[in-house]
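Below are the chains, spelled out letter by letter.
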Amino acid sequence: MGLESALGEGYLTTRVDSLVNWARSNAVWPMPMGLACCAIEMMAFAGPRYDVSRFGSEVFRFSPRQSDLMIVAGWCTYKMSHAIRRIWDQMPDPKWCVAMGACASTGGMHRCYGVVQGVDNFLPVDAYISGCPPRPDAVINALMKIQNKIKTEHSVLLDT
Amino acid sequence: MNISSAHQKVIDDLKNQYPDDILEVTGYQGDILVRTSVNKIHDICRRLYDEHRFIYLVDIFGTDRFTSEERFEVIYNIVSLRDQLRLFLKVRCEEEDPHVQTVTDIWKAANWQERQTYDMFGVIFDDHPDLRRVYLPEDFEYYPLRKEFPLLGIPGSIELPSTTPDTED
């Protein structure tokens, strides 16, 4: 059941943007930035029960050079923030960022001098996930939001 | 307050040796707390180590009592493995220029504990071999566990990473 049988002798037209975005949005490789208990839920999100490979994101890359999506899972200290920013800068464009859980989004219950009150203080966050920790469903939801965002972006042609 | 005979023996010995420096003996939930004068803490620790075999230093920590006099308190949690006794020693020092003699020459484990107490409360441990901050940046100007330190810290006192990526030369 290939595409050929449906098309017959015909052809499809599309835009390069759409094609590239379709490819990108179905191969969002995450960079796991597991800092605390949210990382356990992030592992469940990648595991067989929630099975994120349905969305093309099962390939957790432990090298920033090969990943597209940074999932900041857990509370981030000022000391760690420099390492996270460095890894973020090492990721090749285009790249997206998810702040997973209350701590990464706002500092959460760690309302204290040593914890950055939200990773958006030094990272451009695309999606925030509520919860402490969030269920893997919520992480999948954030991933789908990122996919929608990718699909509406201009990837090849600049909007002039 | 119930003091076991083994504890009482230790306290009596300290009171004989340093009659003017054992200021207060209290108990709480089965723990015995001995408050001593700050000048003699090193001698008292040395005697407890040598004579009563309190060879295990569990912890050293500070408290901020937020009083006008003798504001900071340094507490030593020590254990005698031979006699199976646990004892807490307390010393108090003033807000201005708090100084306590180090006990790192008695217990090596005191090194980082005292550094942490210095880091959090600013208590200076005299003759400490390496009195630097443990957790906070070296150039941090405040002592975060002091009561007047705001919960969320001083804005800008710890650096956040630059949000403009490094450019290639």
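Residues numbered from 1 in each chain as written. Chains lettered and ligands numbered in written order. Predicted model: local features only at pLDDT ≥ 70, side-chain atom pairs only at ≥ 80, totals over all residues. Heavy atoms only, no water.

Colleague: Describe helix α6 (residues 136–151) of chain A, and please don't skip the residues or the numbers.
Modeller: Residues three or four positions apart in an α-helix share a direction because the helix packs 3.6 residues into each turn. Residue and element names in this part refer to chain A. Along its 16 residues, α6 runs 23 Å from first to last C-alpha, staying within 8% of the 22 Å computed at 1.5 Å per residue. Of the residues making up α6, those classed as buried are P136, V139, I140, A142, L143, I146, Q147 and I150. Down the axis of α6, the smallest arc covering the buried residues is 160°, so these residues share one side. Where the residues of α6 are buried, they touch α2 (16–25), α3 (38–46), β2 (69–73), β3 (96–100) and β4 (127–129). (Helix = DSSP H or I, 4+ residues; strand = E, 2+ residues; numbered from the N terminus. Expected span 1.5 Å × (residues − 1). Buried < 20%, exposed > 50% of the residue type's maximum accessible area, 1.4 Å probe, protein only. Arc of directions from axis to C-beta. Contact = heavy atoms within 4.5 Å.)

Colleague: Explain the sheet that holds strand β2 (residues 31–36) of chain B residue by residue, including any values.
Modeller: In sheet architecture, strand pairing relies on hydrogen bonds along the backbone and comes in two forms, parallel and antiparallel. Residues and elements named next belong to chain B. In spatial order, the strands read β1-β2-β5-β4-β3; together these five strands make up an open sheet with mixed pairing. With partners counted over all chains shown, the strands left at the sheet margins are β1 (22–28) and β3 (56–64), one partner each. Direction aside, the axes of adjacent strands within the sheet are offset by 20° on average. The sheet contact formed by strand β4 (residues 72–80) and strand β5 (residues 85–93) spans nine bridges and is antiparallel. Bridging across to β5, F72 finds its partner in C93. Strand contacts of helix α2 (residues 41–52): β1, β2, β4 and β5, with the helix running at about 170° to β5, the strand carrying the most contacts. (Pairing = 2+ DSSP bridges. Axes fitted to C-alpha atoms, helices over the stretch in contact; angles between N-to-C directions.)

Colleague: Give a detailed account of the interface of chain A and chain B, specifying residues and quantitative values.
Modeller: Each side of the interface is counted separately: chain A has twelve residues, and chain B has 15 residues. Interface area, chain A with chain B, both sides summed: about 1,300 Å², of which 69% is carbon and sulfur. Where chain A meets chain B, there are zero salt bridges. The interface formed by chain A and chain B holds four residue pairs in polar contact (both at pLDDT 80 or more) in total. Per-class residue counts for the side of chain A that touches chain B are five nonpolar, four polar and three charged. (Buried area = accessible area lost by both parts, 1.4 Å probe. Salt bridge = Lys/Arg side-chain N within 4 Å of Asp/Glu carboxyl O. Polar contact = N/O pair within 3.5 Å; in protein donor to acceptor, adjacent residues only side chain to side chain. Nonpolar A, V, L, I, M, F, W, Y, C, P; charged D, E, K, R; others polar.)

Colleague: Before we move on, could you go through the packing of helix α1 (residues 5–17) of chain B against α2 of chain B and cite the residues and values that matter?
Modeller: When two helices pack together, their arrangement is given by the angle between their axes and by how far apart the axes lie. Residues and elements named next belong to chain B. Where α1 meets α2, the axes come as close as 11 Å, and the angle between the chain directions of the two elements is 130°. In terms of axis orientation, α1 runs oblique to α2. Considering only the axes of α1 and α2, their crossing is right-handed. Note on element contacts: α2 touches α1 through I44, R47, L48 and H52, opposite V10, D13, L14 and Q17. (Parallel < 35°, antiparallel > 145°, perpendicular 65-115°, else oblique. Left-handed = near helix turned anticlockwise from the far one by under 90°.)

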